[in-house]
Amino acid sequence: MIPASGRGWFLPVSFLFTKTILWSVDMIRKIRKSDYEAVDRLLLQLHKVHVDGRPELFHNLEHFMSKDSFENLIADEETVFAILVEKWDKVVGCCFASVLNHSGMVSMKTVYIDQIVVDEKYRRKKIGSKMFKAVRKHAQRIGAKRVDLMVWSHNETAIRAYQSYGMMEQRCVYELLL
C-alpha cells in the first residue's frame, strides 16, 4: 500500500494504476459466434485430456464441433448457458451448461455442466471457480435445484477443483474391459 496522504490512510497500488486493473480483470461474458476459433481451441485442450487418459475411447480431432453445431448451440439461450472468460482480450476459459427440466429421477430443474475448461496456461488462477460461480448463480436465478457434471476418473485435477467448489460425488460408472 502507498500512503495517499500524510494522514495515515492508504490506497492499494492497483487503484493508482487504473490501466493495470482493466488489463488484469477477468471478464465473463456470453459466448458469441465470433468466438468459435478460441472456444474450439479450448475444447480441444479438454478433449486432449480425454485422449491422453483413455486413448482406447477417444481419438484426436481437428475440431471439437463444427462451426454450424457451435452456432446452433449458442443460439439456444433458453436451454444452454454458454459463457467464456477473457483476460487481456484473450479467451482463457469457457463453459457450456444445459438446463434440464427432468433428470430421469424426481422431476426437478437441474443445470448440467457439459464442458468447463480453462486454458492450460491459465490454470490455478481461479478462472474455473469464477465460471462455476457464474453457472451456480444462473442456476439459482432460474430456480434449478442443483448443478451436475460428469468427470472422468483420470482427470484428478478437475476432480479436486470440483470438490473445492463444494461439489460432491453423486454416482460412479464401472466398466469391465473384455
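Model, not experiment: these values are computed from the prediction.

Asks: Just to check I follow, could you spell out the packing of aromatic side chains for this structure?
Replies: Pairs of aromatic rings are described using the distance from one ring centre to the other and the angle between the two planes. Under the defined criterion, the tally for this structure stands at four aromatic pairs. Their ring planes at 25° and their centres at 4.9 Å tell us that F132 and Y165 sit as a pair that is stacked. On the criterion of sequence distance, the pair formed by F132 in helix α5 (residues 127–141) and Y165 in the segment after α6 (156–164) is long-range, its members being 33 residues apart. As far as burial versus exposure is concerned, F132 and Y165 are alike and both buried. Among the aromatic residues, ring-to-ring pairing joins F132, Y162 and Y165 into one connected group. Note that K87 overlies the ring of W88, its terminal NZ or CZ placed 4.9 Å from the centroid.

Asks: Could you clarify how one ought to interpret unusual backbone geometry in this entry?
Replies: A negative phi angle is the norm for most residues apart from glycine, just as the trans form is the norm for most peptide bonds. At D89, a residue that is not glycine, the phi angle is positive and equals roughly 65°. Relative to the elements of secondary structure, D89 occurs in the loop between β4 (80–87) and β5 (90–100). Residue D89 is classed as exposed on the basis of its relative accessible area, which comes to 74%.

Asks: Can you help me understand helix α3 (residues 36–53) in this one?
Replies: Residue pairs spaced three or four apart in an α-helix point in one direction, given the helix's 3.6 residues per turn. Its 18 residues give α3 an end-to-end C-alpha distance of 26 Å, which sits within 8% of 26 Å, the value for a rise of 1.5 Å per residue. Listed in full, the buried residues belonging to α3 are Y36, V39, D40, L42, L43, Q45, L46, H47, H50 and V51. Looking at the packing, one finds that the buried side of α3 touches α4 (67–75), β4, β5 and β6 (110–118).

Asks: Quick question: what am I supposed to make of the pairing of β6 here?
Replies: As a general feature of sheets, a regular strand has side chains that alternate between the two faces. Burial analysis of β6 places seven of its nine residues in the buried class, which makes it a mostly covered element. Where β5 meets β6, eight bridges bridge the pair, whose relative direction is antiparallel. By the bridge assignment for β6, L100 is matched with T110. Bridge count for β6 against strand β7 (residues 146–149) is four bridges, and the pairing is parallel. Bridging across to β7, V111 finds its partner in V147.

Cut-offs and rules
- Residues numbered from 1 in each chain as written.
- Predicted model: local features only at pLDDT ≥ 70, side-chain atom pairs only at ≥ 80, totals over all residues.
- Heavy atoms only, no water.
- Phe/Tyr/Trp six-rings, centres within 6.5 Å; stacked < 30°, edge-to-face > 60°.
- Helix = DSSP H or I, 4+ residues; strand = E, 2+ residues; numbered from the N terminus.
- Buried < 20%, exposed > 50% of the residue type's maximum accessible area, 1.4 Å probe, protein only.
- Lys NZ or Arg CZ within 6 Å of the ring centre and 35° of its normal.
- Expected span 1.5 Å × (residues − 1).
- Contact = heavy atoms within 4.5 Å.
- Pairing = 2+ DSSP bridges.

So far we have only geometry, and geometry alone does not tell us how the molecule works.
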